[in-house]
Amino acid sequence: MSAAAAKRVLILGATSAIAQETSREFAAAKARLFLVARDAEKLRAVAEDLKVRGASAVETCACDLTDTAAHPAILSEAAAAWDGLDVALIAYGTLPDQKICEGDPTALRLAMETNFLSVVSLLAQLANILEKQPGSVLAVVGSVAGDRGRRSNYAYASAKAAIETFAAGLRLRLAAAGVRVVVIKPGWVDTPMTSHLPKNALYASARSVGHGIYKAILSPRAVVYLPWFWRWIMLAIRMIPEPIFARLNL
Amino acid sequence: MRNYQSWGRYPKSEPHQIVPLHWLSELQELQRFSRPVLAHGQGRSYGDCCLNNGGILLDTLGLDRFIGFDTQTGILRCEAGVSLDAILRLTVPKGWFLPVTPGTKFVTVGGAIANDVHGKNHHRCGSFGCHVTAMEVLRSNGERVNCTPHRNAALFCATIGGLGLTGLILWAEFQLKPVAGPYIASEQIRFRKLEEFFALSADSDKSYEYTVAWLDCLSSGAKLGRGIFMRGNHSSRPAAPQAERNGNGSAVGGFDAPEMLINHASMRVFNWLYFHRQRRDAVAQVVPYEKFFYPLDVVPGWNRLYGPRGFLQYQFVVPYDRRQAVQEILQVIERSGQVCTLAVLKVFGEIPSPGMLSFPRPGVTLAMDFPMQGRPTLELCERFDEIVRAGGGAVYPAKDARMSPSSYQIFFPSWQEFASFQDPQFSSDFWRRVTPAG
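Remember, predicted model here, so these are calculated numbers, not experimental data.

Let's talk about the overall build of chain A
Then step 1. Summing up its helical and strand segments, chain A has nine helices and nine strands in all.
Then step 2. Computed over C-alpha atoms, the radius of gyration of chain A comes to 18 Å, within 12% of the 18 Å expected from 2.2 N^0.38 for 250 residues, which places it in the range of a compact globule.
Then step 3. When the backbone C-alpha atoms are referred to their principal axes, chain A occupies close to 55 × 35 × 35 Å.
Then step 4. A burial count over chain A gives 44% of its 250 residues as buried.
Then step 5. Long-range pairs, those at least 24 residues apart, make up 69% of the contacts in chain A with a sequence separation of at least 6.

Points about the overall build of chain B
Then step 1. Tallying secondary structure elements over chain B gives 12 helices and 18 strands in all.
Then step 2. The C-alpha radius of gyration computed for chain B amounts to 21 Å, which stays within 12% of the reference 22 Å derived for 438 residues, consistent with globular compactness.
Then step 3. The principal-axis extents of the C-alpha atoms in chain B amount to approximately 60 × 55 × 45 Å.
Then step 4. At a minimum sequence separation of 6, the contacts of chain B that also span at least 24 residues come to 77%.

Describing the interface of chain A and chain B
Then step 1. In this assembly, 12 residues from chain A lie in contact with 12 residues from chain B.
Then step 2. Taken together, the residues that form the side of chain A that touches chain B break down as five nonpolar, one polar and six charged.

Regarding the sheet that holds strand β4 (residues 87-90) of chain A
Residues and elements named next belong to chain A.
Then step 1. If you walk across this open sheet you meet the seven strands as β3-β2-β1-β4-β5-β6-β9, and the pairing is parallel. Every other strand in the sheet has two partners, leaving β3 (57-62) and β9 (223-226) as the edge strands with one partner each. Direction aside, neighbouring strands of the sheet carry axes that sit 15° apart on average.
Then step 2. Strands in contact with helix α2 (residues 40-52) are β2 (32-37) and β3; relative to β3, the strand with the most contacts, it is inclined by about 170°.
Then step 3. Contacts from helix α6 (residues 154-175) reach β5 (137-141) and β6 (180-186) within the one sheet, and its direction differs from that of β6 by about 155°.

Description of helix α9 (residues 375-390) of chain B
Residue and element names in this part refer to chain B.
Then step 1. For α9, built from 16 residues, the straight-helix expectation of 22 Å at 1.5 Å per residue is met to within 8% by its first-to-last C-alpha distance of 23 Å.
Then step 2. Among all positions of α9, only T377, L380, C381, F384, D385 and V388 are buried. Seen from one end, α9 has its buried residues packed into an arc of 150°, which puts them on one side. Residues of α9 that are exposed and angled more than 90 degrees away from the buried face: R375, E379, E386 and A390.
Then step 3. Of the surrounding elements, those touching the buried residues of α9 are β15 (311-318), α8 (324-336), β17 (363-371), β18 (394-395) and α10 (405-411).

Description of the packing of helix α1 (residues 17-28) of chain A against helix α7 (residues 206-218) of chain A
Residues and elements named next belong to chain A.
Then step 1. The N-to-C vectors of α1 and α7 enclose an angle of 55°; their axes lie 7 Å apart at closest approach. Relative to α7, the element α1 is oriented oblique. For the pair α1 and α7, the sense of crossing is right-handed. Across the interface between the two elements, A17, I18, Q20, E21, T22, E25 and F26 of α1 pack against A206, R207, V209, G210, H211, I213 and Y214 of α7.
Then step 2. Of the residues assigned to the contact of α1 with α7, the class counts are seven nonpolar, four polar and three charged.

Some points on unusual backbone geometry
Then step 1. Following L226 of chain A, the chain continues to P227 of chain A via a peptide bond in cis, the omega torsion being -15°.
Then step 2. Here P227 of chain A shows up in the loop between β9 and α8 (230-239).
Then step 3. With an omega dihedral of 0°, the bond running from Y10 of chain B to P11 of chain B counts as a cis peptide bond.
Then step 4. Look at K30 of chain A: it is not a glycine, yet its phi comes out positive at around 65°.
Then step 5. Phi at R9 of chain B is positive, roughly 60°, even though this residue is not glycine.
Then step 6. Topologically, R9 of chain B is positioned in the segment before β1 (17-20).

Rules used throughout
- Numbering of residues begins from 1 in every chain and follows the order in which that chain's sequence is written.
- Written order decides the labels, with chains lettered from A and ligands numbered from 1.
- In view of the model being predicted, local features appear only for residues whose pLDDT reaches at least 70, and side-chain atom pairs are presented and counted only at 80 or more, with totals across whole chains, interfaces and linings using the full set of residues.
- Runs of H or I in DSSP of at least four residues are treated as helices and runs of E of at least two as strands, each being numbered from the N terminus.
- Only the C-alpha atoms count toward the radius of gyration. The rule for a globule is 2.2 Å times the residue count to the power 0.38.
- Every C-beta atom is placed from the backbone, and the number of other C-beta atoms within 10 Å of a residue's own sets its class: buried at 20 or more, exposed at 12 or fewer, partly exposed in between.
- Contact between two residues is assigned whenever their backbone-derived C-beta positions fall within 7 Å.
- Throughout this entry, Asp, Glu, Lys and Arg are counted as charged residues, while Ala, Val, Leu, Ile, Met, Phe, Trp, Tyr, Cys and Pro are counted as nonpolar. The remaining residues, Gly among them, count as polar.
- Two strands qualify as a pair provided that DSSP identifies no fewer than 2 bridges between them.
- Lines fitted to C-alpha atoms define the axes, with helix axes restricted to the stretch in contact, and inter-axis angles between N-to-C directions lie between 0 and 180 degrees.
- The span one expects for a helix is its residue count, reduced by one, times 1.5 Å.
- The arc in question is formed by the directions pointing from the helix axis toward the C-beta atoms.
- Here the angle decides the label: under 35 degrees means roughly parallel, over 145 means roughly antiparallel, 65 to 115 means roughly perpendicular, and every other value means oblique.
- Note on convention: near helix rotated counterclockwise from far helix by under a right angle means a left-handed crossing. Clockwise means right-handed.

This is the structure:
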């Protein structure tokens with residue numbers, strides 16, 4: 001897809017730090033953006049920013065995307081706003097506390113509703129809309145965490161792994177319709193979601209990851225690690241035999 | 001990964017807690033902190049006015065959204081953590097430039113206001129604060145005060161140049177200036193003594209919007225006071241079609257250079273080369289604005305060249321008729337044997353700033369970098385202070401890490417009047433150092 005073709009863009013989870021940065025790239029390329037997020041005040045701030053940065057038009061919809069019953073209405077509103085969609089990006093998630101998820105089934109369920117159920121619901125609905133638009137792109141933000149379960153975050157990681165598997169199947173289905181499905185897998189990113197964690201040299205900025213997502217959407221690739229070196233780190237981590245992996249404190 | 005030092009990396013200071021701010025609609029209750037708070041943006045002030053040892057630093061870089069930009073009038077409104085770099089990338093292609101810019105574009109709007117920064121066009125346009133039309137300040141009691149030159153004007157004036165002590169600047173609105181394109185028609189003229197500089201400056205200030213000079217501080221005797229005068233105007237040349245320039249350059253990297261890199265001999269060689277890099281005495285060229293305004297920005301992290309001990313910048317202003325102080329200070333440096341690595345000289349104009357504690361005032365200003373070598377460097381600066389005090393001048397707080405309380409209070413006599421606008425919960429290492437109340 002060329003930058004010129006990405007003119008009608010839907011961003012789900014538009015107030016996340018990474019989504020804001022990607023949206024700024026689309027705005028600078030004069031796209032029209034339809035933004036969905038939970039908090040109306042934040043959404044308004046993001047919309048104003050994107051208009052200043054060059055977006056041809058910005059529409060917003062404040063809603064809770066864990067309410068999957070509302071998805072068809074939201075998505076058809078987004079698709080109708082400019083009579084079609086060129087790009088849809090799902091870019092939200094939470095980092096649930098693994099320990100709490102182990103003891104509290106409600107917390108675990110909520111983590112799965114946010115990071116998995118609502119996302120695949122959107123993917124399924126969006127597939128039906130984009131299927132009628134050859135050349136369009138469906139992108140979803142996964143995580144390197146999904147590449148292998150670890151004791152410190154397997155609730156989060158399993159949801160991200162599930163998204164990727166769902167998207168992989170969807171990719172095969174939509175290929176026939178000329179629609180691309182891209183899974184973006186960031187490593188550690190310095191965002192409000194990770195603000196409570198100690199940082200190390202592998203942390204990337206939201207800006208560089210947001211830019212990487214924009215490039216990934218325009219590129220022909222199916223799965224994109226951000227920054228690129230995570231592909232090789234995760235390859236190595238997947239290849240460690242289980243008995244050894246069990247002894248590593250990861 | 002961010003570090004929360006100041007640009008000079010001296011003094012070292014350890015905040016108790018960093019609080020990242022992301023949304024104007026979701027601000028922290030400042031009163032819940034039992035310690036003093038201070039906003040910290042890009043950390044580009046040199047000394048300790050952006051530091052808060054044992055206190056709370058409010059990291060404003062997440063407040064990086066534009067709020068409005070009228071491409072007809074050139075009025076821009078944005079959150080306080082937006083950098084001048086982000087503004088230029090947005091507005092220059094639309095024909096608007098910053099009204100005033102310091103020597104780096106990596107400062108935030110909040111920082112530009114809190115330090116009331118100035119630039120090469122001070123003689124024409126005054127300081128940054130002269131162009132601010134409105135801003136909102138969050139006080140620790142939860143009050144959000146919308147202030148303009150006419151509404152809540154006293155808080156407006158106290159906040160401009162107020163070193164971040166009147167509350168948290170949330171957003172600001174200011175007037176940009178129209179330009180034809182991204183180029184500056186510049187000239188570089190060699191001068192051999194200070195009198196030549198003053199003559200060039202007096203002559204150029206009439207017809208050039210931007211004037212400044214680089215001074216060779218290591219030449220001695222008859223060569224003392226030589227340098228290169230730079231002047232420029234916005235060029236009428238429009239942007240080249242493929243004007244997609246990205247100018248971040250290569251970083252010095254995450255390590256400190258060995259201190260021996262910067263010494264008397266190496267800097268003499270550098271200064272000689274710089275002085276003689278143009279064969280003719282005067283060279284004219286049209287250059288991209290980045291090259292004219294921000295030559296050092298192409299080397300991110302250049303401050304680390306000074307090694308782990310960091311460096312001090314000393315910037316002062318003296319009234320024009322006391323400009324002899326510049327010569328005196330150069331002589332003091334010559335006798336001290338200390339290495340002044342960079343020196344920049346400029347004549348300020350008459351335009352007053354609305355800022356109550358602003359540094360820029362009519363006269364001559366000189367900024368100098370010195371590698372931090374402990375006591376000899378501090379004593380040298382103390383000697384400068386004496387000359388500046390005798391000349392009725394002032395030292396720039398944004399660059400300062402060491403001036404005494406008595407010097408500060410002489411340089412900024414309005415500090416007591418200012419105290420009534422200071423937010424009781426805001427403080428900084430600088431403020432605790434130079435005032436009794438802190």
